[in-house]
Amino acid sequence: MQLVRQLLDSWGPGAGPRLDWAAVRRRAAPWVDAVRQHPPAFWAMESLLQEYPISSAEGLALMRLAEALLRVPDTATAIALTADQLGRADFSGHGGSTAHPVLASLASQALGWSKKLLPAGSDQQPGLLQRLGAQTVVGATVRAIQLLGRQFVLGETIESALRRGHGGAVPGRLLHSYDMLGEGARTDADARRYLASYQHAIEAIATSLPGGRASRPEAADGISIKLSALEPRYEASHGHRVHERLLPRVTGLMASAAAANINLTIDAEESERLELSLQVLDALMAHAARHHPQWGGLGLAIQAYQLRAPRMIEAVIALARRHGLRLMVRLVKGAYWDSEVKRAQELGLSGYPVHTEKDHTDLSYLCCARLMLAAPDALYPQFATHNAGTIAAIGTLAATAGVPYELQRLHGMGEGIYREVMKAADAPPVRVYAPVGQHRDLLAYLVRRLLENGANSSFVHQLADPQVNLDTLLRSPLQPVATMKLALPARLYGSERPNSRGVDLNVAAERLPLVEALKVAPAAPVPDASVAEARAAMEALHAAQPAWNDVPLAERCAVLQRTADAMEAQLPRLVALLAHEGGKTLGDGVAEVREAVDFCRYYAAQAGQRLAPQALPGPTGERNELRLHGRGVFVCISPWNFPLAIFAGQVVAALVTGNTVAAKPAEQTPASARAFVELLHDSGLPRDALRLLAGPGETVGAALVGHPRCAGVCFTGSTAVARLIARTLAAGDGPIVPLIAETGGLNAMIVDSSALPEQVIDAVVTSAFRSAGQRCSALRLLCVHEGIADGLCEMLAGALQELQPGRPADAAQSWAVDVGPVIDAEAHAHLGRHVARLEREARLIGRTPLPEALRDTHIAPAAFELAQVGDLREELFGPILHVVRWSGDVDTLVDRINALGYGLTLGVHTRIDERALRVAERARVGNVYVNRNMIGAVVGVQPFGGEGLSGTGPKAGGPHYLYRFCGEQTLTINTAAAGGNAALLAGG
């Protein structure tokens, strides 16, 4: 809100050109009235949003069909997808469009009849007649979506787009910026294909110009490019690749655009790339100044919803002046709002990188526009908006400044408003941002634009709603605006607990403390305990437990809260420790510290809610109360793959419930555990309530589990060791004690042919290879529908080539490392033997190049294709992915996965909602993830744990976990024993 106040103050007296909003409203109101009186065609955005708003089930169904249906290669999945989406909507209530009543009614009737010809369930097998009818419906739906695609995609080739664009062009008034459809590249082959597409488009535009060259870039069609489409690792962490591979590709395109003297604009992308994009722009402008000093066609898009947008404008102006160039700048509102918000929440950032209120974005847009109009020597301003008020305000500001400019709109959107704007003789030129490409490739673009422009708060949506009056539609963003409604990331969980504070590693200032911490020498070794010391510790902890159990619950919770705060304060040191001892990358290290923090706060909150005495109902004259207490001494045995987070989660759960704890960390990572124990003691935990006992499981672990004072065991590790612990506990002569075990899994991901391949590859690479595949939740078995398997495997092979192995503990390279070492030589040898067997028995899909210097410590990430699910017979902790193809009934595939016996995590990628739910119900697993990666369960959000060979439950980080650490006691008091129920008598 402080930034918003500063933006508002910039329009105050003496702060610059004023803006008379009453005059702006008078200018815009006739445009709105004309559009409402003469609405666009039924298929236009405004009319579609009026009839089928995306907030409705019907609008969402149509949007999801448009997003997915054209890419489905097999009829069975196409029928299932269509049945699933249309089956979720009720089109009988539609057809009431005031603008196009006949067309709306016909469309609704057609959709309603279509539903009757489809199977009742998405995965039901239809009979012959119904199958023929369903195929007819799917064919008609495909054609309808292709028709819809024509409203948003100017042409399927640049040649057809040029013909269509020039056919409706007004000489000197209506121009185009062609955007060759495609999302970010996942492989170098993708990037080369996009590069060729861009190059061909520039050549085609040049050919369409008289003499092959424009008089000036502002007066001719141009092209828009995405840097992420030209470099699969267009990320701040891989800046060296950006300069080695991306810059030559862009400068080559610049040379062609300069030869034709047309505009080449770099599209805006997500906020984490903002600093990198400025570095790239600086290099490109330096190149242009040397090689194309007379060309003024280099352009950049800037998103006004970013908090840093005004500073970005100022930085671009400074760069242009420094290089002696004039840059074309397209100002847009912004297209990644939902993903920006989610990322900030997931990373626990201090705030959002974007404005979270539409009024604030509109205000920022006007502030940026004024900056642009004040620098005509450095910028040619281009304003992309569909908002009539914004268009009128820009016109007013530009007239005051006396600066030429252009307006821009998206093809298929805002046509009604711009039809009215362009009627004025002095109207500025308008450039249409025109997508070009195959209709099946429009999916991500179309959905993003629909969400961006079709949200209930957007101007396009409100323009189509006659119930929204002009005062609301054209309200001034310069008036005091409402406070931010969206809670900051720290308040994601409301009043229950704060979200753990994270780090945006893309910001150099936030990353630097972590890199500097890596330079400090690793912690001193932790000595192993002897068996005698372990036994003595159990006796001492048993003696101390009653006193710790008697500590008031609020005080026990406070220890956890103070520990969480201390961990956040020491995050760089802990991340460095995890890198040195466990081979963790910076990103994994930050995530692990945050998870440990979340465990402390979540279990403290849960204890406060669930462990207090609970009154129970009963007969008159009697009081009944349920009480929970610690069981005694809990033995907590944690693994090396999460040496801080899992260790912390086990220990604090046992402590807050009133137990004392004997904590045995993994042999490979005791220093991380020691650091957490020290933080607990420094935060007020009595030293006799927790003992750290490092050493081998065969000696120290066995002594702790087998000790008669052991009141319970919490274990995370292999299934074989969990079985051994269970046998040891069962063989004891003392009390029957609980075992809480979370073991491994042969975790699968099911991908059907409706899934978006780019999303699948992102999820697969993250799930299978992050943390070098050393997570119990990591993806081991990828099951891909045969209809898309060839293309997906090819993309996977290319993505593997882009991963960067390295040593995370090396400060010089830590930031760029994607894949660190495996935990030790024993693991390395075991994984090496498995890879050798796969090389003999399976087909290699792809492998990450591994430098010679890393071959003794790292396993190269690799993917192999197996013949069937049952060929995967053992759990592996490493970056090795197994792939199988499937077809037919998905239920059969789920049964085969269940037959493996493990039940930890499962991923599902499909656009068929009913199929995802059916898979989740049939699968015998603890965690199911749909259309995302399958690692990184968040405490209190995705409680984690499995069944079968994958554990006993209850789930860690869930609402049932603490109860397993507790003993229960019911206290019943006969209050009438001394002569009657006084309360009852008094009430009578």
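Details of the structure are given in the entry above.
None of these values were measured; they are calculated from a predicted model.

J.: So what about the packing of helix α12 (residues 274-291) against helix α13 (residues 309-323)? Which residues, and what values?
T.: Look at α12 against α13: their axes get within 10 Å of each other, and the N-to-C directions meet at 20 degrees. What the angle tells us is that α12 and α13 run roughly parallel. As for the relative orientation of α12 and α13, their crossing is right-handed in sense. Between α12 and α13, the residues in contact are L274, S277, L278, L281, D282, M285, A286 and A289 and M312, A315, V316, L319, A320, R322 and H323, respectively. Residue composition of the contact of α12 with α13, grouped by class: eleven nonpolar, two polar and two charged.

J.: So, the sheet that holds strand β1 (residues 174-180): which residues are in play, and what are the values?
T.: A barrel is described by the order of its strands in space; here eight strands give the closed sequence β1-β2-β3-β4-β5-β6-β7-β8, paired in parallel fashion. Geometrically, the sheet is characterised by an average inter-axis angle of 30 degrees between neighbouring strands, direction not taken into account. Of the pairings in the sheet, the one linking β1 to strand β8 (residues 430-436) comprises seven bridges and is parallel in character. Directly across from L174, in β8, lies its bridge partner V430. Against the sheet, helix α9 (residues 188-208) touches β1, β2 (222-225) and β3 (264-266), its axis set at about 170 degrees to β2. The sheet strands contacting helix α15 (residues 358-373) are β5 (327-332) and β6 (379-384), and the helix crosses β6 at an angle near 155 degrees.

J.: Can you explain the pairing of strand β19 (residues 862-865)? Please cite residues and give values.
T.: What you see with β19 is no split at all: A862 and F864 on one side and A863 and E865 on the other are buried throughout. Both strand β18 (residues 843-847) and β19 contribute to a ladder of four bridges, which runs antiparallel. Looking at the pairing, L844 lines up with F864 of β19. Examined bridge by bridge, β19 and strand β20 (residues 880-886) share four bridges and lie parallel to one another. Bridge assignment links A863 to a residue of β20, and that residue is L881.

J.: Residues and numbers for the side chain of D752, please.
T.: Inspection of the secondary structure assignment puts D752 in the loop between β16 (748-751) and α30 (757-769). For D752, a relative accessible area of 1% translates into the label buried. A polar atom in the side chain of D752 sits 2.5 Å from the side chain of T910. With sequence-adjacent residues up to four places away left out, D752 is seen in contact with H785, I788, W886, H909, T910, R911, I912 and R915.

J.: Tell me what's going on with the packing of α13 against α15, and back it up with residues and numbers.
T.: The geometry of a pair of packed helices is captured by two quantities: the angle between their axes and the separation between those axes. Where α13 meets α15, the axes come as close as 9 Å, and the angle between the chain directions of the two elements is 15 degrees. Here α13 lies roughly parallel to α15, going by the angle between them. Our pair here, α13 against α15, has a crossing hand that is right-handed. In this structure, α13 contributes A309, P310, I313, E314 and I317 to the contact, and α15 contributes S364, C368, L371 and M372. Of the residues assigned to the contact of α13 with α15, the class counts are seven nonpolar, one polar and one charged.

What counts as what
Residues numbered from 1 in each chain as written. Predicted model: local features only at pLDDT ≥ 70, side-chain atom pairs only at ≥ 80, totals over all residues. Heavy atoms only, no water. Axes fitted to C-alpha atoms, helices over the stretch in contact; angles between N-to-C directions. Helix = DSSP H or I, 4+ residues; strand = E, 2+ residues; numbered from the N terminus. Parallel < 35°, antiparallel > 145°, perpendicular 65-115°, else oblique. Left-handed = near helix turned anticlockwise from the far one by under 90°. Contact = heavy atoms within 4.5 Å. Nonpolar A, V, L, I, M, F, W, Y, C, P; charged D, E, K, R; others polar. Pairing = 2+ DSSP bridges. Buried < 20%, exposed > 50% of the residue type's maximum accessible area, 1.4 Å probe, protein only. Polar contact = N/O pair within 3.5 Å; in protein donor to acceptor, adjacent residues only side chain to side chain.

In short, geometric facts, not functional conclusions.
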